[in-house]
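# Remarks on the overall topology
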Amino acid sequence: MEKRRIDDCEPGPVPSPRPVDRFGFVKQEHGSPYEGVIKSRSAIQFEREERRVRKWRKMIGVGGSDWKHYVRRKPHVVKRRIRKGIPDCLRGLVWQLISGSRDLLLMNPGVYEQLLIYETSTSELDIIRDISRTFPSHVFFQQRHGPGQRSLYNVLKAYSVYDRDVGYVQGMGFLAGLLLLYMSEEDAFWLMVALLKGAVHAPMEGLYQVGLPLVQQYLFQFDHLVKEHLPKLGEHFTKEMINPSMYASQWFITVFSYSFPFHLALRIWDVFLFEGVKIVFKVGLALLTYCHDDLIKLPFEKLIHALRNFPEDAMDPDKLLPVAYSIKVSKRLEELKSLYEKQNKKVVQSAETNGKVKQQDMQED
């Protein structure tokens, strides 16, 4: 049976025009629950934003030409400005600069095109099946087999060929989809490579490999951090038999792009690409801190619901992120990583020993 490619399909009908928010997501008829957080801009706010854009343009130079020099000279200024949020009109370029993907693109001319045109992927049907589930309320991805869905297919297919050990896993669509809203296909592909292969920070391909090994490590670390930073809540979770795999897996797999308000996800991604995955732990702890007094009263079922549906005021970046930035986790994350690796090594060694004993018993029988 011949494989069906998305390129062979005719685009579906263009969805009826409906009001969209400033990021391109279709507004719900009853209004977004987070709409109140995004306030209308006054003339003063607009002028302030223009000044901020001018500062950023000066900092990065034409096409990013001054970026590396500025980061070396004033790293603390760069960090502070990124934490305040990258101007949306410059976000795509800055993400490529801080992730190291721009360098990968320049060092590998023509590679993306070759992967796309001349290679085949065993994941093609899986990718096609999942395409319509990625940001279904965004106008760019709504048209069946339209430009957005084709671009998403192309990036995911190219990556599944580039890294056959990872191939394709469903959560990768949200990473690629988010990037495609701010850059071209080829730029989005190389930014995925930079993230998963570790151009700047530790490689993240373990989030998508068989058994999700890096997800398991992150959940182990997060579980310990909750118990250490929020002991009463940690005790309540233990009593109600709640563990991070029940609510936090998607935080790590999609870096908050799956179910969080888009304006908050963007602010988190700004910091994530510059500072690394520790911001995911910090935001997770900040959310639990913000909602601590409510969560500690809830029984199992209501607790699960609350952990997957945080209140509107907790999703305001200007309230949540300062709390996240105040939480220090870097040193403890390293210690917990070592502890996890030691425990894992013991489990593997124990399994191997048991396997050898069973083999010997079978031979003796």
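As shown above, the structure is provided for reference.
Notes on the structure follow. Being a predicted model, the structure only gives us computed values, none of them experimental. (Residues numbered from 1 in each chain as written. Predicted model: local features only at pLDDT ≥ 70, side-chain atom pairs only at ≥ 80, totals over all residues. Heavy atoms only, no water.)

### Some remarks on the overall build of the protein
Of regular secondary structure, the protein possesses 20 helices and zero strands. Split into buried and exposed, the 365 residues of the protein put 48% on the buried side. As presented, the protein carries roughly 19700 Å² of accessible surface, and 53% of it is formed by carbon and sulfur atoms. (Helix = DSSP H or I, 4+ residues; strand = E, 2+ residues; numbered from the N terminus. Buried < 20%, exposed > 50% of the residue type's maximum accessible area, 1.4 Å probe, protein only. Areas by Shrake-Rupley, 256 points an atom, 1.4 Å probe, with all protein chains shown as cover.)

### Considerations on a nonpolar patch on the surface
Together, Val-20, Val-139 and Phe-140 make up a nonpolar patch on the protein surface, roughly 210 Å² of accessible area in all. Relative to the assigned elements, Phe-140 resides in helix H8 (residues 139-142). Judged by its relative accessible area of 30%, Phe-140 falls in the partly exposed class. (Patch = residues over 30% accessible without salt bridge, like charges linked within 9 Å, V, L, I, M, F, W, Y side chains within 5 Å. Salt bridge = Lys/Arg side-chain N within 4 Å of Asp/Glu carboxyl O.)

### Things to note about the pattern of salt bridges
Tallied over the entire structure, the rule returns 17 salt bridges. Linking Glu-47 and Arg-54 is a salt bridge whose minimum nitrogen-to-oxygen distance equals 3.6 Å. For Glu-47, a relative accessible area of 36% gives the class partly exposed. The exposure class assigned to Arg-54 is partly exposed, which follows from its relative accessible area of 48%. Residue Asp-88 pairs with Arg-91 through a salt bridge whose shortest N-O separation is 2.7 Å. Among the charged side chains, a salt-bridge network with shared partners connects Asp-126, Arg-129, Asp-130 and Arg-133.

### Looking at the packing of aromatic side chains
Applying the stated criterion across every chain yields a total of 32 aromatic pairs. Where Tyr-159 meets Tyr-162, the ring centres are 6.0 Å apart and the plane angle is 45°; that geometry is what we call tilted. Taken together, the residues span about one helical turn, with Tyr-159 and Tyr-162 both in helix H9 (residues 147-162) at a distance of three residues. You can call Tyr-162 partly exposed: its relative accessible area is 33%. An angle of 85° between the planes, with centres 5.5 Å apart, marks the rings of Tyr-218 and Phe-281 as edge-to-face. Placement of Tyr-218 in helix H12 (residues 213-229) and of Phe-281 in helix H16 (residues 278-290) is noted, with a sequence separation of 63 residues between them. (Phe/Tyr/Trp six-rings, centres within 6.5 Å; stacked < 30°, edge-to-face > 60°.)

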